[in-house]
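# Summary of the model geometry
Chain by chain, the residues run as shown.
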Amino acid sequence: MTESELVLLACPEWRYPAQALAKRLGIACLQTPSDIFPPRYLLYDNAGLALIEHRTIGRKGAVSSSRISCDFVSGAARHRRLYGGGTGQALARAVGLSSGFKPLVADLTAGLGRDGFVLASLGARVIWLERHPIVAALLADGLDRLRTAAAFDRQSRDGGDQHEHVLAEIVARLSFYEQDGRAWLEDGCRRDTPDVIYLDPMFPGRDKSAAVKKEMAAFQELVGGDDDAGKLLDAALKVARYRVVVKRPRGALFLAERKPTFTLEGKTTRFDVYSLAKIPR
Ligand SMILES: C[S@@+](CC[C@H](N)C(=O)[O-])C[C@H]1O[C@@H](n2cnc3c(N)ncnc32)[C@H](O)[C@@H]1O
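Residues numbered from 1 in each chain as written. Predicted model: local features only at pLDDT ≥ 70, side-chain atom pairs only at ≥ 80, totals over all residues.

## With respect to the overall build of the chain
Helix and strand counts for the chain come out as nine helices and 12 strands. Taking 19 Å as the expected radius of gyration for a compact globule of 281 residues, we find that the chain reaches 19 Å, a close match to that expectation. For the chain, the spread of C-alpha atoms along the three principal axes comes to 60 × 55 × 35 Å. Expressed as a percentage of the 281 residues in the chain, the buried residues total 33%. Across the chain, the fraction of contacts at a sequence separation of at least 24, relative to all contacts at a separation of at least 6, is 61%. (Helix = DSSP H or I, 4+ residues; strand = E, 2+ residues; numbered from the N terminus. Rg over C-alpha atoms; globule rule 2.2 N^0.38 Å. Buried ≥ 20, exposed ≤ 12 C-beta atoms within 10 Å, placed from the backbone. Contact = placed C-beta atoms within 7 Å.)

And the structure:
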């Protein structure tokens, strides 16, 4: 199914923003309940925007469903923010983040924003760049809901509680452009030279039999491979102040066969760090 064959199903309360989004994406907008339930569609309801996929699996035709959306307020993002290991986690160490150095990170392959959100939670200023229109719409929706959660609490409580104060601070550190990361670099980064550039391109050679979660399988099918990631790395190395970090699956070849200065390994992923200058402490 191509992007333009997707439809957006909207529950009645959300039909106006849903219609505006569908128009921008050039896809049809239907109201729920609908007779049409394609195997993959966008859904706009009280929980926000989501990409839904139903797959038939096995000989008995059981249906497995996945829902992809960006939720920075609750669930896994909240859990990782509170209990994820702080600046000791490999992602933070890879970008050089510490109590004495809070870099400006350009996350040029933002996707669903999870890595960038972790970095912003730890004090980095993060600029997200995402070029795929559907992924960008999911990310923009997640960011909107994060802004609402932070602002709502500020207004409704006497100063808000610790949790929402923190959310407001994180939101203030995040910005997002729906744009190609290489074009953004070549346009002069809107005069915001990043300290660190972070890249996590889709990994085309990934073994299909590996335990890729069903959400990620749907995401991969939507986005495809990022075949130009080597060129993005070349461009990033010319612009970043201190380092470029590339996230790869553990055991994968280096991106564009470029050897990094050092690597940090996690259970399933690896961060390849290309050092350009010494990080200030
Ligand atoms: C594997 S996902 C990133 C996941 C992300 N790190 C996260 O934590 O959710 C890769 C994303 O990068 C985007 N992408 C790849 N190359 C890009 C480029 N040159 N400019 C902007 N986005 C790009 C793809 O559209 C895809 O959404």
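## Quick notes on the nonpolar core
Counting 67 residues, the largest nonpolar core has Val 95, Leu 119, Leu 138, Ile 197, Leu 199, Ala 236 and Val 244 as its most contacted members. Of the residues forming this core, the biggest block, eight residues, is contributed by helix 5 (residues 133-156). Taken domain by domain, the makeup of this core includes at least three residues from each of domain 1 (3-68) and domain 2 (75-275). Setting aside its immediate chain neighbours within four residues, Ala 236 contacts Leu 108, Leu 185, Ile 197, Leu 199 and Val 244. (Core = buried A, V, L, I, M, F, W, Y, C linked by C-beta atoms within 7 Å. Domains from an automatic or database assignment.)

## Considerations on the domain arrangement of the chain
Taken domain by domain, the chain comprises domain 1 (3-68) and domain 2 (75-275). Taken over C-alpha atoms, the centre of domain 1 sits 26 Å from the centre of domain 2. Facing the 10 residues of domain 1 at the interface are 11 residues of domain 2. Those elements giving two or more residues to the side of domain 1 that touches domain 2 turn out to be helix 1 (15-25), strand 4 (48-57) and strand 5 (62-68). Looking at which element gives the most residues to the side of domain 1 that touches domain 2, the answer is strand 4, with four residues. The class makeup of the residues in the side of domain 1 that touches domain 2 is five nonpolar, three polar and two charged. (Nonpolar A, V, L, I, M, F, W, Y, C, P; charged D, E, K, R; others polar.)

## A word on the sheet that holds strand 2 (residues 28-31)
Strand order in the open sheet formed by five strands is 2-1-3-4-5, and the pairing between neighbours is mixed. The sheet terminates laterally at strand 2 and strand 5, the two strands that pair on one side only. Pairs of neighbouring strands in the sheet enclose a mean axial angle of 30°, with direction left out of account. Strands in contact with helix 8 (residues 214-223) are strand 4 and strand 5; relative to strand 5, the strand with the most contacts, it is inclined by about 70°. (Pairing = 2+ DSSP bridges. Axes fitted to C-alpha atoms, helices over the stretch in contact; angles between N-to-C directions.)

## Concerning the site of the ligand
Not every one of the 21 residues close to the ligand is listed here, only the nearest: Thr 109, Gly 111, Arg 114, Gly 181 and Asp 200. When residues of the shell around the ligand are traced back to their parent elements, those giving at least two are helix 4 (114-121), strand 7 (125-130) and helix 7 (181-186). In the shell around the ligand, the residues fall into eight nonpolar, five polar and eight charged. (Near = placed C-beta within 6 Å.)

## A word on the sheet that holds strand 12 (residues 269-275)
The seven strands lie next to each other as 8-7-6-9-10-12-11, forming an open sheet whose pairing is mixed. Of all strands in the sheet, those with a lone pairing partner are strand 8 (174-178) and strand 11 (262-265), marking the two edges. Taken pair by pair, the neighbouring strands of this sheet meet at an average axis angle of 20°, ignoring direction. In this sheet, strand 7 lies alongside strand 6 (residues 104-107) in parallel orientation, the contact comprising four bridges. Note on strand 7: the bridge partner recorded for Val 105 is Val 126. Against the sheet, helix 4 makes contact with strand 6, strand 7, strand 8 and strand 9 (196-199), and its axis sits at roughly 170° relative to strand 7, the strand it touches most. Here helix 9 (residues 229-239) sits on the sheet in contact with strand 9, strand 10 (243-249) and strand 12, set at roughly 170° to strand 9.

## What about the pairing of strand 6?
Side-chain direction in a regular strand flips from residue to residue, so the side chains alternate between the two faces of the sheet. Crossover handedness for the path strand 6 to helix 4 to strand 7: right-handed. One ladder, built from three bridges, connects strand 6 with strand 9; its direction is parallel. Within the sheet, the bridge partner assigned to Asp 107 lies in strand 9 and is Tyr 198. (Right-handed = clockwise from strand over helix to strand, strands pointing away.)

## Things to note about the pairing of strand 4
Pairing of strand 3 (residues 40-45) with strand 4, which is carried by six bridges, proceeds in the antiparallel orientation. Its bridge partner lying in strand 4, Arg 40 is registered against Glu 53. Taken together, strand 3 and the strand that follows it, strand 4, pair antiparallel across an intervening segment of two residues. Two strands pair when backbone bridges link them, and strand 4 and strand 5 are joined in this way by seven bridges, in the antiparallel orientation.

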